[in-house]
Amino acid sequence: MISIRNLCVEIGDFNLKNANIDVFDGEYMVMVGPTGAGKTVILESIAGLCPLTGGQVLLRGMDVTGLPPDKRRISIVYQDHALFPHLSVQENILFGLKVRKVEKKEQERMLEKVVSLLSISSLLHRSPPTLSGGERQKSAMARALCVEPDLLLLDEPLSALDPKGREDVQEKLVNIKRSLKLTTVHVTHDFEEAIALGDRICVIGEGEVKQTGSPEEIFRRPDSEFVARFAMARNIFTGVTVVSKEGEGCQFRTDGVTFSAMEGVKEANRAVVRPEEVVVSVNPLEEGKMENVFSGQISGISDKGATLLITVDLPPPISILITRREFMHLNPVMGMMAYVGFPASAVHLFHENTL
Amino acid sequence: MISIRNLCVEIGDFNLKNANIDVFDGEYMVMVGPTGAGKTVILESIAGLCPLTGGQVLLRGMDVTGLPPDKRRISIVYQDHALFPHLSVQENILFGLKVRKVEKKEQERMLEKVVSLLSISSLLHRSPPTLSGGERQKSAMARALCVEPDLLLLDEPLSALDPKGREDVQEKLVNIKRSLKLTTVHVTHDFEEAIALGDRICVIGEGEVKQTGSPEEIFRRPDSEFVARFAMARNIFTGVTVVSKEGEGCQFRTDGVTFSAMEGVKEANRAVVRPEEVVVSVNPLEEGKMENVFSGQISGISDKGATLLITVDLPPPISILITRREFMHLNPVMGMMAYVGFPASAVHLFHENTL
Amino acid sequence: MKTLFLLLGLVLLAFLTVPVAKMVLASDPVILIETFLDKEVLAAIFLTLYAALIATVIGFIFGTPLAYLLAKTDFRGKRFVEGLIDLPLVIPHSAAGIALLFVFGRNYFMGKAFGAIGLKFLDSLGGIVIAMLFVSVPFLIDSARDGFQKVDKRLENVARTLGATRWQTFLRVSFPLAWRSIVSGNILMWARGISEFGAVIIVAYHPMTAPVLVFERFETYGLDYARPVAVILILIAMTVFVMLRLLLYRGEDR
Amino acid sequence: MKTLFLLLGLVLLAFLTVPVAKMVLASDPVILIETFLDKEVLAAIFLTLYAALIATVIGFIFGTPLAYLLAKTDFRGKRFVEGLIDLPLVIPHSAAGIALLFVFGRNYFMGKAFGAIGLKFLDSLGGIVIAMLFVSVPFLIDSARDGFQKVDKRLENVARTLGATRWQTFLRVSFPLAWRSIVSGNILMWARGISEFGAVIIVAYHPMTAPVLVFERFETYGLDYARPVAVILILIAMTVFVMLRLLLYRGEDR
């Protein structure tokens, strides 16, 4: 397990305060946050490449904070341009074994292993500047794996690639995850990527760790507005919680309407309803099937191609994500009356500190 | 109207051949293509900022190919960093009027107009390096509009912005589009952005114009594999067309299954079915409602957060886009039997040149 | 590794600074002031500063446009031209002085032409200026070129589309944005001009510039008489250089 | 605008090249060959090339580590150190020669120390080398520093995480990637060393280097006798410089 304890880093404008992150053995952790949130700096701190202003990094219980990067057995793969341009792909991959003076036979064995894992045997004698983005990324991954690290750090491994390269590299990442069970920390600004790959997700923003949990947790049970917005949970309502008498379930009152929720959260002042969990119809919805049924005027239709967002004013506006198939069936028009419904389980409450 | 006729540009590796594009007066044209497709070069050619190896640019019927950029009345807004750093925002906005020696009163009138249109009155006395990305972009747009151009060129105006800035700037773009009815060419690599903003879309790729048409056309009736892939129409089948006897409707045969389509295309050898137009169910679908009904095994489930992609092997694999709401209702499991259906109108045929 | 590198680096730094520092610090202030007030020394220093200033102004007028063209346009043989500009860095300055005399000397070509309008170069202010210009203008051109290169092409493009002519774009965008590098190039050129010796001594032994005076005193009276003049010259050159550099760097985070 | 700029630029280019070209082209090949075979000239040229080479080697050994530290580490007073390195560019070379004598002269400090082991600097090869080193090592340091700065920090980071020590990272990544700039700096330093005149003439009038010989012939016999030596010196310096530069730029698109 790798543990980051009270990590503090200050570099120029960037300032990270008291970050605590645990990554379990064999886990694939995706750290996600907006561009400029300092994700690369966190990776470099873990690898020992940038000076800490405070905190510790523990690798399998051992404090490695004072160790130089070459003694940590932590490999890093940068977003782009990180292959040695003066060496061939094969020399790049063997770099780590050569500087560690591993014997020739062992070098060959490891080379063969990573090359077949990443299917890059045809690239070995090419020079990095002649490679495509995806080929470069795979070569850099091979180089990182060749030294058999205890921890693999991936810095936006898919962001600089075109769709084709991205698909290919993503597939290789899944391969590695399945076959090596290597502890991995992958940082990205792309929430979809995090959902698709992460065993767990850690959201970074505004210089701190905002929330850590399973994709499901982050996605459906954000505990701050920042995470909710980042996870594209468009419908965030401000209001007050009224615990119902029976003790099970509770009510959330906002802007003239009241939602039924499953579980109460102490002093919750925000409710989130994900736009893809809401049903919209031009005909009245069957009561009883869903706890929350409202009607209102359609005040917005935004086309995203495969999907569309419909906004209905309850009066508080609520966005509903529908596919084009549903859209064509529904055929909504601006200003038209529409009925929306969602179960109590779709309402997630949390408490946001507002000063 | 602006017409680009047989435009050829060669700069370094980049090579654009015989591009023909027409943009009508007051139209908002979005030019979309992968990164590196040379979209910026096309804009610079239109503005007269880069030498052509062939072709003409016609502005309202007049050949402007030989005119220097300062005589064309074409404004360009670059993706980022294009404000003059040594001038305040106000000086930036007035730059064009000052060099044209427009009188002070007129300068003030125009300044007020663009400032209120973009709501940037609070920024006027700030220095560009202190602005956020969105503020910079709005200031650059104000500067471009202040000279009342005949044509506005926007180079990836939203790509460098964080989600908040992007929403703000996109709203301003819609404002400009509505209130000024200015002929605009907007280039982007983001297909969703193109769909959301474009009156028409022009797809650029592999050094040529691939297809031009309404968003609906590009999205649902691509005429090449390149455009189909770029529009994320995941299901592209290779096969042969068999025109049915009655003359209305036709059949497309691929890999053991036959699709019914609405309209035949001569020698069509590709069929596209958009993943969001397919219905998937674990129960047999009602026959007669849809022309194409199949069943097969679920061979893939890919989580994208708000939406998921389900792959069913017909035998040829077909992907279906569903929302999380539908997913929870369906509850599919890998290897399970599933039924898929889509109307004949969802099958689009085209002819792909294969050499 | 750092220790070894630091050690090697410090030895070199010491080699570069100790002689100068020792000479300056070991000088008797009274003798320095006396030397400074010596009419011959004062005249030489004034002449040096003045001639270098003229050379720099000429270099600025002719060199800035060349720097702009090298930074912003592409043409066949550009690298060749860049090589030509670095020529004075490579040519021995005494040989450069000979070459200049061969064109600007009384009996040659330009010398005759300018002689007809009363301007002579051999042993005159004019000669000092051309010698200084020849050896120090590459510093100005290189620095200004770097400055123009750093100006984003897109800023100039935007200015053009907004209606600015080439001239307006140069005056309102390129030049102001490259200003720092241009000033820095001017300072460096001036400082190099002040310190020029080899080409100047050939073209104009008289009137005597300060570096030539140092040499003359050394040759005629020996080290101890040359030293105070050398110290004063070094102090002046360094003060000007450091002051202007600080002024320029202030507020810039590099 | 372009026309005016081109005109101004061409005037300056002509000023820089015509004197040199005219002198070279107007020389009688027979006299050139005769001069070249003159024992005194040949010895001076050989001495110049040799001394500049030694200075460059010393500069490489001590200057490369300093360049690396300046490029890759941050410390208080870094800008001050950078200023110190540019000192020799600003100080008049005749004054620099005096300063060097003041430390390395027979009766001074280092002069005495080295004298004890039989190494003397005044009027000797050793003196020529330190004079050349002093005035030309900034060129090497500046160029090597730029080269190291261009090496992506992340490449060095990756090397470290793969298990390379600081030394290995320097030898296998930073140095090979900065190689071009370092070689280029060495060439420039060598060329500057060959052409040095002001500092050398003070520290070591004898044995005579080629630039000093040009001056001496000019002073003693006049322009016509100095010219062939100057031409030969210019030709040698330029040939070496151009050849090595072409070699270096080949295959690089800048």
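Here the structure is a predicted model, which means the values were calculated and not measured.

What counts, and where the lines are drawn
- Residues numbered from 1 in each chain as written.
- Chains lettered and ligands numbered in written order.
- Predicted model: local features only at pLDDT ≥ 70, side-chain atom pairs only at ≥ 80, totals over all residues.
- Heavy atoms only, no water.
- Pairing = 2+ DSSP bridges.
- Helix = DSSP H or I, 4+ residues; strand = E, 2+ residues; numbered from the N terminus.
- Axes fitted to C-alpha atoms, helices over the stretch in contact; angles between N-to-C directions.
- Domains from an automatic or database assignment.
- Contact = heavy atoms within 4.5 Å.
- Buried area = accessible area lost by both parts, 1.4 Å probe.
- Salt bridge = Lys/Arg side-chain N within 4 Å of Asp/Glu carboxyl O.
- Polar contact = N/O pair within 3.5 Å; in protein donor to acceptor, adjacent residues only side chain to side chain.
- Nonpolar A, V, L, I, M, F, W, Y, C, P; charged D, E, K, R; others polar.
- pLDDT = per-residue confidence, 0-100.
- Buried < 20%, exposed > 50% of the residue type's maximum accessible area, 1.4 Å probe, protein only.
- Least-squares fit on C-alpha atoms with pLDDT ≥ 70 in both.

A. Structural view of the sheet that holds strand β11 (residues 235-238) of chain A. Residue and element names in this part refer to chain A. Strand order in the open sheet formed by 3 strands is β11-β15-β21, and the pairing between neighbours is antiparallel. Edge positions in the sheet fall to β11 and β21 (347-350), since each has one partner strand and no second. Across this sheet, the average inter-strand angle for adjacent strands is 25°, counted without regard to direction. Where β11 lies against strand β15 (residues 270-273), 4 bridges are found, and the strand directions are antiparallel. Paired with I236 across the strands is V272, a residue of β15.

B. Inspection of the domain arrangement of chain A at higher detail. Residue and element names in this part refer to chain A. Each domain of chain A was delimited in the assignment, giving domain 1 (2-229) and domain 2 (235-350). Placing a centre on the C-alpha atoms of domain 1 and another on those of domain 2 gives a separation of 39 Å. Between domain 1 and domain 2, the residue contacts involve 9 residues of the former and 11 residues of the latter. Here domain 1 and domain 2 share an interface that buries about 820 Å² over both sides, 56% of which is from carbon and sulfur atoms. Interface area lost by domain 1 to domain 2 is led by F219, R220 and E225, which between them contribute 56%. Here domain 1 and domain 2 share 2 salt bridges between them. Where domain 1 packs against domain 2, one counts 4 residue pairs in polar contact (both at pLDDT 80 or more). Element by element, the count of residues in the side of domain 1 that touches domain 2 is highest for helix α8 (residues 225-230), at 3 residues. Across the side of domain 1 that touches domain 2, the residue classes break down as 3 nonpolar, 1 polar and 5 charged.

C. Expanded view of the confidence of the model for chain C. With 98% of its residues at a pLDDT of 70 or more, chain C has an overall mean of 88. With a pTM of 0.85, the predicted complex shows an ipTM of 0.82.

D. View of unusual backbone geometry. With an omega of -10°, the peptide bond between C:H206 and C:P207 qualifies as cis. We note that A:E156 has phi near 45°; this positive angle belongs to a residue other than glycine. The residue A:E156 is located in the loop between β7 (151-155) and α5 (163-180) in this model. A residue is classified by how much of its surface remains accessible, and A:E156, at 9% relative accessible area, is buried. One non-glycine residue, B:K101, lies in positive phi territory at about 55°. Mapped onto the elements, B:K101 comes out in the loop between α2 (89-99) and α3 (104-118). Residue B:K101 is classed as exposed on the basis of its relative accessible area of 66%.

E. Here's a closer look at the relation of the copies chain D and chain C. The two copies are related by a screw operation: chain D maps onto chain C through 180° of rotation and 0.0 Å of translation along the axis, at an RMSD of 0.0 Å. On the angle and the small slide along the axis, the relation comes out as a two-fold axis. Taking the C-alpha atom as reference, chain D places D:G198 closest to the rotation axis, 2.8 Å from it. The share of interface residues of chain D whose copies in chain C are also at the interface is 100%, consistent with both copies meeting through the same surface.

F. Structural view of the interface of chain D and chain C. Across the contact, 87 residues belong to chain D and 88 residues belong to chain C. When the two sides are added together, the surface that chain D and chain C hide from each other amounts to roughly 8,400 Å², 82% of it contributed by carbon and sulfur. When the area that chain D buries against chain C is broken down by residue, the three leading residues are D:M1, D:F5 and D:F102, summing to 9%. Linking chain D with chain C are 0 salt bridges, by the criterion used here. No other element matches helix α1 (residues 2-25) of chain D, which puts 16 residues into the side of chain D that touches chain C. The residue makeup of the side of chain D that touches chain C, split by class, is 65 nonpolar, 9 polar and 13 charged.

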